[in-house]
Amino acid sequence: MSKQETDTTLDPTRWRTLFVVAISQLMLILDSSIMNIAIPSAKVDLGISDANQQWIITAYTLAFGSLLLLGGRIGDFMGRKKIFIIGLLGFAGASALGGIASTQGLLFASRALQGVFGALLAPAALAIISVTFTVPKERAKAFGVFGAISGGGAAIGLIVGGVLTEYTSWRWCLGVNTPIAILAAILAAKFVHESKAAGDKKYDIPGVVTATAGLFALTYGFNEAAREGWTDSLTLTFFAVAVVLLVAFVVIESKVASPLMPLRVITERNRGGSYLGSLIVGAGLFSMFLFLGLYLQVILGYTPLHSGFAFLPFSVGIIIFAGVASQLLPKIGPKPLMVPGLIFAGIGLLMLTRITPETGYVTHVLPSLLIMSSGMALVFIPLTSTSLHGVSGRDTGVASAMVNTSQQIGGSLGVALLNTIAATATTAYAATHTELGKMVQPFAVTHGFTTAFKVSAALLFAGAIVLFFFINIGKESLVETEGAAAH
């Protein structure tokens, strides 16, 4: 096909579509981190106890993580543009409700509602990119933008949250979503084209029930493990229920005519490896934001705003190297980017194990952030691409939902696993270093953080091994199949 023929078949508004999708993705990513800064102020304002504070985050992640697969299928069947706009407007309304919440119950309910509409919005956004960009080089650039926002947006959210909390009110950490979402919905109505899955559009009700309930139980189990420990009876009960329901889900999907998540989506080795890699990376990388943020504020005494700006080099590095990755992806393929990228990011995390209460940001934190950001940018963009490799138009939404589901479950697993490891290491260090006197607590807490960083680095190295053995598509295969995936 000649360049002139190709140009006539391409969507003329595709870059405007990418801009709209980028706005929505940035809003979702910002929201996931911006509320971490707002929690202390919201607790005081609404009288939220220490025991209940986790629901500000958990109410969102439970709804979002457990409904993503269903959200992807609804977008496939009802129309991705329609569900994208409904998701945006619903997210705007839920955010506004949270911003004016007068009780903790209303705040928790609004966060859950955000999760429901986020589960519609997120898979539709990625599916729209997948069906809009059919030329491999342009597709790589589009995924580059998406990956840069996904990787760098969390750090930007910490800065925005710090500014809003310090100079206005914690309520604006939620309220800021409303005008952004409404603007994105208006632009989507004009520039995004509708797309639907072809063929039978029956909903797999047993699959919906078992998948949603199973993911809910799994996500809740991880949150309970973080609060009460891995051996807590409630934690174990939720994990057991999750295993039973998810096994039942797999059995159902192998037998029904119109499955919620066709097993062909995850059994193709490149997609399956990508989802597994995404889960491991989510678990490993989460500790960097969680424990490094605590180190900066609790140990070094940074303000929330100062702490947010301390993460800015990570965002800048992601954005710069995302451009590099999007240029290299069509030329050398995904594996030569992802495997070295994860190794680099793991090395960056290992460098953070050198921090103490007496080390400085410039000498011990900044170099690690720059190395990690360069490595992770080389991972995010190709991983999004391989997650959707060769998928049929009918399955684009559910394959997109699996990208988010694996990251969500990975993040939940990460916080539970690494919190427990850090707490255990802190207690053990304090018990064996009583000679430090008053300084034992900051040294013990920092030791807990560095122990978590070691485990996180090991997870990233494990992710590199997974991707090395699973991903077998090169640049030629990407070029042959990526355009076909949109039709």
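Note on numbering: residues in each chain are counted from 1, in written sequence order. In view of the model being predicted, local features appear only for residues whose pLDDT reaches at least 70, and side-chain atom pairs are presented and counted only at 80 or more, with totals across whole chains, interfaces and linings using the full set of residues. Each side-chain value is worked out from all heavy atoms of the structure, with water and hydrogens disregarded.

Here the focus is the side chain of N270. Helix and strand assignments come from DSSP, with helices taken as H or I runs of at least 4 residues and strands as E runs of at least 2, each series counted from the N terminus. Along the chain, the position of N270 falls in helix 12 (residues 269-299). Summary of the burial criterion: residues with accessible area below 20% of their type's maximum are buried, those above 50% are exposed, and those between are partly exposed, where the area comes from a 1.4 Å probe applied to protein chains only. Take N270: its relative accessible area is 2%, and that puts it in the buried class. Residues adjacent in sequence count toward polar contacts only when both atoms are side-chain atoms; beyond that, a polar contact is any pair of N or O atoms within 3.5 Å, and within protein one must be able to donate a hydrogen and the other to accept it. A polar contact is formed between the side chain of N270 and the side chain of E268, at a distance of 3.0 Å. Side chain to side chain, N270 and N472 meet in a polar contact 2.8 Å long. Here a residue-residue contact requires only that any non-hydrogen atoms of the pair lie within 4.5 Å. If near-sequence neighbours (up to four positions away) are discounted, N270 is found in contact with T386, H389, F470, I471, N472 and I473.

One finds L69, F84, M288, L292, L369 and M376 to be the most contacted residues of the largest nonpolar core, which totals 111 residues. Dropping the residues within four chain positions of it, L292 is found in contact with S287, F311, L352, V365, L369 and F453. To qualify as a nonpolar core, a set must consist of buried Ala, Val, Leu, Ile, Met, Phe, Trp, Tyr and Cys residues joined through side-chain atoms within 4.5 Å.

Take a side-chain nitrogen of Lys or Arg and a carboxyl oxygen of Asp or Glu: if they are within 4 Å of each other, that pair is a salt bridge. For the structure shown, the criterion picks out 7 salt bridges. The partner of R111 in a salt bridge is D31, with the nearest N and O atoms 2.9 Å apart. Highlighted residues: R111 in helix 5 (residues 104-132) and D31 in helix 2 (residues 14-46), separated in sequence by 80 residues. For the pair formed by R111 and D31, the shared burial category is buried.

We now examine helix 4 (residues 80-99). Helices are assigned an expected span. That span is 1.5 Å times one less than the residue count. The end-to-end C-alpha separation of helix 4 is 28 Å, in line with the 28 Å expected for 20 residues at 1.5 Å each. Across the 20 residues that make up helix 4, a large majority, 14, are buried.

This brings us to the packing of helix 15 (residues 335-351) against helix 17 (residues 366-387). The axes of two packed helices give the description: the angle between them and the distance between them. Across the interface, helix 15 lies against helix 17 with an axial gap of 7 Å and an inter-helix angle of 150°. Classified by the angle between their axes, helix 15 and helix 17 sit roughly antiparallel to one another. Pair helix 15 / helix 17 crosses with left-handed handedness. Within the contact between the two elements, helix 15 uses L337, M338, G341, L342, F344, A345, G348, L349 and M351 and helix 17 uses P367, S368, I371, M372, S374, G375, M376, L378, V379, P382, L383 and T386. Under this grouping Gly is polar, as are all residues other than the nonpolar Ala, Val, Leu, Ile, Met, Phe, Trp, Tyr, Cys and Pro and the charged Asp, Glu, Lys and Arg. Looking at the contact of helix 15 with helix 17 residue by residue, the classes come out as 15 nonpolar, 6 polar and no charged. Fitting a line to C-alpha atoms yields each axis, with helices limited to the stretch in contact; the angle taken between N-to-C directions then spans 0 to 180 degrees. Working rule for angles: under 35 degrees goes down as roughly parallel, over 145 as roughly antiparallel, 65 to 115 as roughly perpendicular, anything else as oblique. Crossing handedness: left-handed means the near helix sits turned counterclockwise from the far one by under a right angle, and right-handed means the same turn made clockwise.

To continue, consider the side chain of S307. Along the polypeptide, S307 turns up in helix 13 (residues 304-310). When neighbours within four sequence positions are excluded, S307 is seen to be in contact with G293, L296, Q297 and Y302.

Below, the discussion takes up the confidence of the model for the protein. Per-residue confidence from the predictor is given as pLDDT, running between 0 and 100. Per-residue pLDDT for the protein has a mean of 86; in total, 94% of the residues score no lower than 70. Between the elements of the protein, mean pLDDT differs from a low of 47, seen in helix 1 (residues 3-9), to a high of 96, seen in helix 4. Across residues 1-8, where pLDDT falls below 50, the model places 2 contacts with residues more than four positions away in sequence or in other chains. Within the model, pLDDT remains below 50 along residues 479-487, and this stretch shows 19 contacts once partners closer than five positions in the same chain are excluded.

Attention now goes to a nonpolar patch on the surface. Together, V163, Y167, F309, L312, V316, I320, F321, V324, L328 and I332 give the surface a local cluster of nonpolar side chains, amounting to about 820 Å² of exposed area. Only helix 6 (136-167) and helix 14 (312-332) provide two or more residues apiece to the nonpolar patch. Per-element accounting of the nonpolar patch gives the leading share, 7 residues, to helix 14. Patches here: salt-bridge-free residues with over 30% relative accessible area, like charges joined within 9 Å, nonpolar side chains (Val, Leu, Ile, Met, Phe, Trp, Tyr) joined within 5 Å. For the accessible areas, the method is Shrake-Rupley and the probe is 1.4 Å, while residue cover comes only from the protein chains on display.

Under the pairing criterion, centres of Phe, Tyr and Trp rings, with the six-membered ring standing for Trp, must be within 6.5 Å; the plane angle then separates stacked pairs below 30 degrees from edge-to-face pairs above 60, leaving the rest tilted. Counted by the stated rule, this structure contains 11 aromatic pairs. Relative to F239, the ring of F222 has its centre 5.3 Å away and its plane inclined at 65°; by these criteria the two rings are edge-to-face. Of this pair, F222 sits in helix 9 (residues 205-228) while F239 sits in helix 10 (residues 233-255), and the two are 17 residues apart along the sequence. Across the pair, F239 and F222 agree in class, each one buried. In textbook terms, an aromatic cluster arises when at least three aromatic residues are bridged by ring pairs, as seen for W55, F216, Y220 and F238. Note on criteria: charge over ring means Lys NZ or Arg CZ within 6 Å of the ring centre, with the direction from the centre no more than 35 degrees off the ring normal. The lysine or arginine in question, K335, covers the ring of F468, its NZ or CZ lying 4.8 Å from the ring centre.

Bringing the packing of helix 12 against helix 19 (residues 440-470) into the picture now. Between helix 12 and helix 19, whose axes approach to 9 Å, the crossing angle comes to 165°. Looking at the two axes, helix 12 sits roughly antiparallel to helix 19. For the pair helix 12 and helix 19, the sense of crossing is left-handed. Each residue belonging to the contact of helix 12 with helix 19 can be placed in one class, and the counts come to 22 nonpolar, 9 polar and 1 charged.

Moving on, we get to the environment of T432. Mapped onto the secondary structure, T432 falls in helix 18 (residues 396-432). The exposure class of T432 is exposed, given its relative accessible area of 55%. For T432 and S326, which are 106 residues apart along the polypeptide, the C-alpha to C-alpha distance reads 49 Å. A polar atom in the side chain of T432 sits 3.0 Å from the side chain of H433.

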